[in-house]
Amino acid sequence: MSTETLLEVKDLRVHFPTGDGLVKAVDGLSFTVDRGDTFGIVGESGSGKSVTNLTALGLTDRNAANITGEVLFKGRDLLKLGKEDLRKIRGKEMAMIFQDPFSCLHPFYRVGDQIVEAILCHDKIPKKQAEQRTYDLLGAVGIPKPKERFRDFPHQYSGGMRQRAMIAMAMAHNPDLLIADEPTTALDVTVQAQILDLIERVKTEFDIGVILITHDLGVVSEVANKVMVMYAGRAVEMGTRDEVFGNPQHPYTWGLLESIPHVDHKGSKLVPIEGAPPSLIRTPNGCSFHPRCPHRFDPCDKDDPEIKDRGAGHPDACHLSAAEKTRVWAERQAPRTKAAS
Ligand SMILES: Nc1ncnc2c1ncn2[C@@H]1O[C@H](COP(=O)(O)OP(=O)(O)O)[C@@H](O)[C@H]1O
Ligand SMILES: [Mg+2]
C-alpha cells in the first residue's frame, strides 16, 4: 500500500524574543504525517506542542517569533507562503479543533448557521446547499436530529456535542489534515472516549490524516498509530504506537507511562515525574531532561543527545545504550507488575 505524505516538518525552530530572553518553544523538530495516520504528539504542558501546530497552520505571528526550518504540506513550504495563501489552505485543506469549543463557536449565533457560514466562506455554493451539507455533517458527527439541533445556540449543546459540532465545522471542506489540540481535555472520561472514537471514525470515513495533541499518554495509546514524545521543544522519542509503548526507550517516556493508570497494571502505584520542565530560556546543558532523570550518567549534563535510532529500531534521544535501557525499564516495571498480580 502506498502512503501519501501530508505534512513533513523539518528542523523546525520557533524562538520568541521576550524581555527575559529568547524562549525556545520549538527547537529542532522533525516529523512526518501521512494520510491515514493518527499522529499523537504528547508531552507535559509547556513542551511546545501547541506552538508546533499553530506554526504549521501559519498562525504564529512571524513578527513575534524567529521561525526557521520547513513545514511542507503536500509538498509546499507553508513557512514561505503569504497570509492569503495560508488562509486558503487553513480551513480548506487543513482544519483544526481545540480544547475549548467555546473559543470557536460564537455564543449568539445558531450552531447550524455558523457551520453554513464556514462552508460559504470557502465554497461559493447556494445557501440551501450549504444548509443541506450542514445537516449531513451534523449527522455524520453523531448529532441526533440534525435539522432541529441546527437551530440551537451553542449553550444548548453539552460539551461533547459542542466538540462534535466543531468537528463537523472542521470537516466542512473535506480537509486532508485535521489537527486536534487537546480535543478531549475539557470533557469527562466517557465523553472523552466518544470523541476519540468519533475522530477515528471521521479519519477513516473522510480518508484524512490526524494530528492529536495531548498531555495524556493514555489518550495517545487509545487511538494513535504513531507517537512523538516532546520535551522542552524537542522530540525525545518517536515511533509507531507498538514501538513506543512496547519498547519505550527514553526515561521521560517511562515517566509518562508510569503516570497513567494502565489497564493491565491495576492496583499499581501511579508515579508522577519528579521536578518540573526546564525554563525554555535557559535550558540545561547537555540533555534537557537530565536534571529530572534518575538514570543520568557521565555525558548527560554535557552532551546534548540527538534523536536517532540507537539500536531499538526507532529513534530516541537518550545516551543510555539500548541494552541498558531494556534492563533499566524492566527493573522499573518489576514492582508495578508485582503489584498488579
Ligand atoms: N507568543 C509567545 N511568546 C513567548 N513565549 C511563548 C509564546 N507562545 C508560547 N510561548 C511559550 O512556548 C512554550 C511552549 O508552549 P506551548 O506550545 O503552548 O506548550 P504546550 O502546548 O506543549 O503546552 C511555553 O513555555 C510558552 O510559554
Ligand atoms: Mg498546548
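Residues numbered from 1 in each chain as written. Chains lettered and ligands numbered in written order. Predicted model: local features only at pLDDT ≥ 70, side-chain atom pairs only at ≥ 80, totals over all residues. Heavy atoms only, no water.

Student: What should I look at first to understand the overall build of the protein chain in this one?
Tutor: Along the backbone of the protein chain there are eleven helices and twelve strands. Taking 20 Å as the expected radius of gyration for a compact globule of 341 residues, we find that the protein chain reaches 21 Å, a close match to that expectation. Projecting the C-alpha coordinates of the protein chain onto the three principal axes gives extents of approximately 70 × 50 × 45 Å. Considering only intrachain contacts with a sequence separation of at least 6, the fraction spanning at least 24 residues in the protein chain is 64%. (Helix = DSSP H or I, 4+ residues; strand = E, 2+ residues; numbered from the N terminus. Rg over C-alpha atoms; globule rule 2.2 N^0.38 Å. Contact = heavy atoms within 4.5 Å.)

Student: Sorry if this is basic, but what is going on with the packing of aromatic side chains here?
Tutor: Working definition: an aromatic ring pair is given by the centre-to-centre distance plus the angle between the planes. Using the criterion set out here, one finds six aromatic pairs in the structure. Between the aromatic rings of Phe 31 and Phe 39, the centroid separation amounts to 5.1 Å while the plane-to-plane angle is 20°, which identifies the pairing as stacked. Look at Phe 39 and you get buried, because its relative accessible area is 2%. Ring geometry for Tyr 231 against Tyr 252: centres 4.6 Å apart, planes inclined by 55°, an arrangement best described as tilted. Residue Tyr 231 is found in strand β9 (residues 226-231), and its partner Tyr 252 is found in helix α10 (residues 251-258); the two are separated by 21 residues along the sequence. A single burial state applies to Tyr 231 and to Tyr 252, both of which are buried. In this structure an aromatic cluster arises from ring pairing among Tyr 231, Tyr 252 and Phe 289. (Phe/Tyr/Trp six-rings, centres within 6.5 Å; stacked < 30°, edge-to-face > 60°. Buried < 20%, exposed > 50% of the residue type's maximum accessible area, 1.4 Å probe, protein only.)

Student: Which parts of the structure should I look at to understand the side chain of Gln 192?
Tutor: Mapped onto the fold, Gln 192 is located in helix α7 (residues 189-206). Residue classification places Gln 192 among the buried residues on the basis of a relative accessible area of 15%. When near neighbours in sequence (up to four residues on either side) are disregarded, Gln 192 contacts Thr 184, Leu 187, Asp 216 and Val 219.

Student: Would you mind going over helix α6 (residues 159-170) with me for this structure?
Tutor: Residues separated by three or four positions in an α-helix point in the same direction, a consequence of the helix having 3.6 residues per turn. Across its twelve residues, α6 extends 16 Å between first and last C-alpha, which sits within 8% of the 16 Å expected from 1.5 Å per residue. Among the twelve residues that make up α6, eleven are buried, leaving the element largely enclosed by the rest of the structure. Here α6 has its buried residues at Gly 160, Met 161, Arg 162, Gln 163, Arg 164, Ala 165, Met 166, Ile 167, Ala 168, Met 169 and Ala 170. On the buried face of α6, the contacting elements are β6 (94-97), α3 (111-122), α4 (127-140), α5 (146-149), β7 (177-181) and α7. (Expected span 1.5 Å × (residues − 1).)

Student: It is not clear to me how the pairing of strand β3 (residues 38-42) should be interpreted in this structure. Could you clarify?
Tutor: Remark: a regular strand shows side chains that alternate across the two faces of the sheet. With respect to burial, β3 is a largely interior element, five of its five residues being buried. Residue alternation in β3 divides its side chains into two sets, Thr 38, Gly 40 and Val 42 and Phe 39 and Ile 41, and both sets are buried. Note: β3 against strand β8 (residues 209-214), five bridges, orientation parallel. Counted as the bridge partner of Val 42 is Thr 214 from β8. With four bridges connecting them, β3 and β9 associate as parallel partners. Its bridge partner lying in β9, Gly 40 is registered against Val 227. (Pairing = 2+ DSSP bridges.)

By themselves, these are just geometric observations and shouldn't be taken as functional.
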